[in-house]
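One letter stands for each residue in the lines below.
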Amino acid sequence: MNPLAMMMFLTSLAIGTTITLSSHHWLLAWIGLEINTLALLPIMTKTPHPRAIEAATKYFLTQATASALMLFSCLINAMQAGEWDINTPSNLMTNSLSIAIMMKLGLAPMHFWLPEVLQGISLVTGLILSTWQKIPPMILLFQISHNINLNLTVILGLTSVLIGGWGGIGQTQIRKIMAFSSIGHLGWIIIILKLNPQLSLFNFILYTIMTTAMFLSMIMLSATKMSQISTSWTKNPALTTTTMLVLLSLAGLPPLTGFPPKLLIIMELIKQNMFISATLIMLASLLTLFFYLRLTYIIALTLSPNTHNSTIWRTPTKPWLVFSIINTMALTLLPLTPAILLT
């Protein structure tokens, strides 16, 4: 793709996100989301492959449906309340608006588009879709969290964690595994949204850091399948080791970065006397733990036949400083958790 065109599309992504984040008006927020969607479509199809075209088509249809439902909900709110302010949604409009935003995020049971779309695009575009594109809808959810239906968030959160784990077990494609991982993590974020929005935001920030680190690792290793990961040790042992640790961090194992949000969410659910929800979400997270451990096993404990230990690591010329900072944050933020929550 022409670098000038790519810069224009990336600038449009940034502008759309900024409009949504800075708006107090539902129509402006909707316009920002639409700019984001339309800017990502050409980036998805920069390699004119049938899978990429199919992924872009599915993404467009899903986002258009969610946008139509969102605009319909905002119109109902404007008709009832006489204003478009984000902080004053009516009860009738909040449920449909929440479902529309969750469809944009890819929460279960509106998740069917996410694995297929992520599988059809490149790793770099998948990184944008899994992190940057989730920021505007998530911020809108935080803004209406005081009016959101608790039963809706708990049911969709539990469903997302369960489907995120169940769907990822039989996958061999890393992009699909990351899609189901994203669904599972969004379930953890949503289940606590009504009770503690600050903790939900903390979880979302750590999810973004860990997912970015994982996608950057896959880009560095040029790996999209499990079979390609199994041969990565001979190419770059240091990078392979950090990739394994990032996977364990995504699984939520202590003492890595992914552990504190899960611990704090369980503690918050118990504090709110939601013992059944806390038990169910812990049991459902064991499914995601399984496929993370399977990936870790393939990376660390298997070596493909006919490989040799090269004395020269085939290290590509990549932005190592950014990658090192992101990887460090994805592994070592546990001691800083109290400080981050107090800011």
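Residues numbered from 1 in each chain as written. Predicted model: local features only at pLDDT ≥ 70, side-chain atom pairs only at ≥ 80, totals over all residues. Heavy atoms only, no water.

By the naming in an unreviewed UniProt entry, the chain goes by NADH-ubiquinone oxidoreductase chain 2 and is assigned to Odorrana schmackeri. According to the UniProt record, the Function (unreviewed entry) comment for the chain is "Core subunit of the mitochondrial membrane respiratory chain NADH dehydrogenase (Complex I) which catalyzes electron transfer from NADH through the respiratory chain, using ubiquinone as an electron acceptor. Essential for the catalytic activity and assembly of complex I." (UniProt positions renumbered as here; feature names shortened; annotations may be inferred.)

Now for the overall build of the chain. Within the chain, the regular secondary structure consists of 16 helices and zero strands. In terms of principal-axis extent, the alpha carbons of the chain reach across some 70 × 50 × 35 Å. When contacts within the chain are restricted to residue pairs at least 6 apart in sequence, those whose partners lie at least 24 apart make up 78%. Of the roughly 14700 Å² of accessible surface on the chain, a fraction of 72% belongs to carbon and sulfur atoms. (Helix = DSSP H or I, 4+ residues; strand = E, 2+ residues; numbered from the N terminus. Contact = heavy atoms within 4.5 Å. Areas by Shrake-Rupley, 256 points an atom, 1.4 Å probe, with all protein chains shown as cover.)

Side chains of nonpolar character tend, in soluble globular proteins, to be buried together. Within the largest apolar cluster, 74 residues are counted, with the highest numbers of intra-cluster contacts made by Met 44 and Leu 129. Considering each element in turn, this core owes the most residues, 13 residues, to helix H10 (residues 197-221). Those residues in contact with Met 44 that lie beyond four places of it in its chain are Ala 52, Ala 56, Tyr 59, Val 117, Ile 121, Thr 125 and Leu 129. (Core = buried A, V, L, I, M, F, W, Y, C linked by side-chain atoms within 4.5 Å. Buried < 20%, exposed > 50% of the residue type's maximum accessible area, 1.4 Å probe, protein only.)

Its location among the elements puts Arg 175 in helix H9 (residues 174-191). Every residue in contact with Arg 175, bar those within four places of it in the chain, is listed here: Leu 118, Gln 119, Ile 121, Ser 122, Leu 123 and Thr 224.

What follows concerns the environment of Ser 324. Within the fold, Ser 324 resides in helix H15 (residues 320-332). Owing to a relative accessible area of 35%, Ser 324 belongs among the partly exposed residues under this scheme. Residues Ser 324 and Thr 242, 82 residues apart in the sequence, show an inter-C-alpha distance of 9.6 Å.

Here we come to the packing of aromatic side chains. As enumerated under the stated definition, the model contains three aromatic pairs in all. Look at Phe 291 and Tyr 292: their rings are 4.8 Å apart centre to centre, the planes differ by 45 degrees, and that puts the pair in the tilted class. In terms of burial, Phe 291 and Tyr 292 fall into one category: buried. (Phe/Tyr/Trp six-rings, centres within 6.5 Å; stacked < 30°, edge-to-face > 60°.)

The subject of this paragraph is H15. Here H15 spans 18 Å end to end across 13 residues, near enough to the 18 Å set by a 1.5 Å rise per residue. Among the residues of H15, those classed as buried are Phe 323, Ile 326, Asn 327, Ala 330 and Leu 331. All buried residues of H15 project into a common sector of 125 degrees when viewed along the axis, lining one side. With respect to the buried face of H15, the exposed residues turned more than 90 degrees away are Leu 321 and Val 322. Residues of H15 that are buried make contact with H10 and helix H12 (237-251). (Expected span 1.5 Å × (residues − 1). Arc of directions from axis to C-beta.)

Looking along the chain, the bond that leaves Ala 108 and enters Pro 109 is cis, with omega of 5 degrees. Mapping Pro 109 onto the fold places it in the loop between helix H4 (91-105) and helix H5 (113-119). Cis peptide bonds are those with omega within 30 degrees of zero, and the linkage from Pro 254 to Pro 255 qualifies with 5 degrees. Unlike most non-glycine residues, Ser 222 shows phi in positive territory, near 55 degrees. You can see Ser 222 is positioned in the loop between H10 and helix H11 (226-229). Classification of Ser 222 as exposed rests on a relative accessible area of 55%.

With respect to the helices and strands, Ser 232 occurs in the loop between H11 and H12. A distance of 2.7 Å separates the side chain of Ser 232 from the backbone oxygen of Ile 229, its partner in a polar contact. Aside from chain neighbours lying at most four places away, what touches Ser 232 is Leu 221 and Thr 240. (Polar contact = N/O pair within 3.5 Å; in protein donor to acceptor, adjacent residues only side chain to side chain.)

The next point concerns the packing of helix H8 (residues 150-168) against H9. For the pair H8 and H9, the least separation of the axes is 7 Å and the interaxial angle reads 160 degrees. Relative to H9, H8 is oriented roughly antiparallel. In this structure, H8 meets H9 at a crossing whose hand is left-handed. Here H8 contributes Thr 153, Val 154, Gly 157, Leu 158, Ser 160, Val 161, Ile 163, Gly 164, Gly 167 and Gly 168 to the contact with H9, which in turn contributes Ile 177, Phe 180, Ile 183, Gly 184, Gly 187, Trp 188, Ile 190 and Ile 191. Broken down by class, the residue content of the contact of H8 with H9 amounts to ten nonpolar, eight polar and no charged. (Axes fitted to C-alpha atoms, helices over the stretch in contact; angles between N-to-C directions. Parallel < 35°, antiparallel > 145°, perpendicular 65-115°, else oblique. Left-handed = near helix turned anticlockwise from the far one by under 90°. Nonpolar A, V, L, I, M, F, W, Y, C, P; charged D, E, K, R; others polar.)

A side chain with one charge can pair with a side chain of the opposite charge if their charged atoms come near. For the structure on display, the rule yields four salt bridges. Glu 116 is the partner of Lys 58 in a salt bridge, and the nearest nitrogen-oxygen pair spans 4.0 Å. Of this pair, Lys 58 sits in helix H3 (residues 50-81) while Glu 116 sits in helix H5; the two residues are 58 residues apart in sequence, bridging distant segments of the chain. Residue Glu 116 is classed as partly exposed on the basis of its relative accessible area, which comes to 32%. Residues Glu 116 and Lys 176 are paired through a salt bridge, measuring 3.4 Å at the closest nitrogen-oxygen approach. With Glu 116 in helix H5 and Lys 176 in helix H9, this residue pair connects regions lying 60 residues apart in the sequence. (Salt bridge = Lys/Arg side-chain N within 4 Å of Asp/Glu carboxyl O.)

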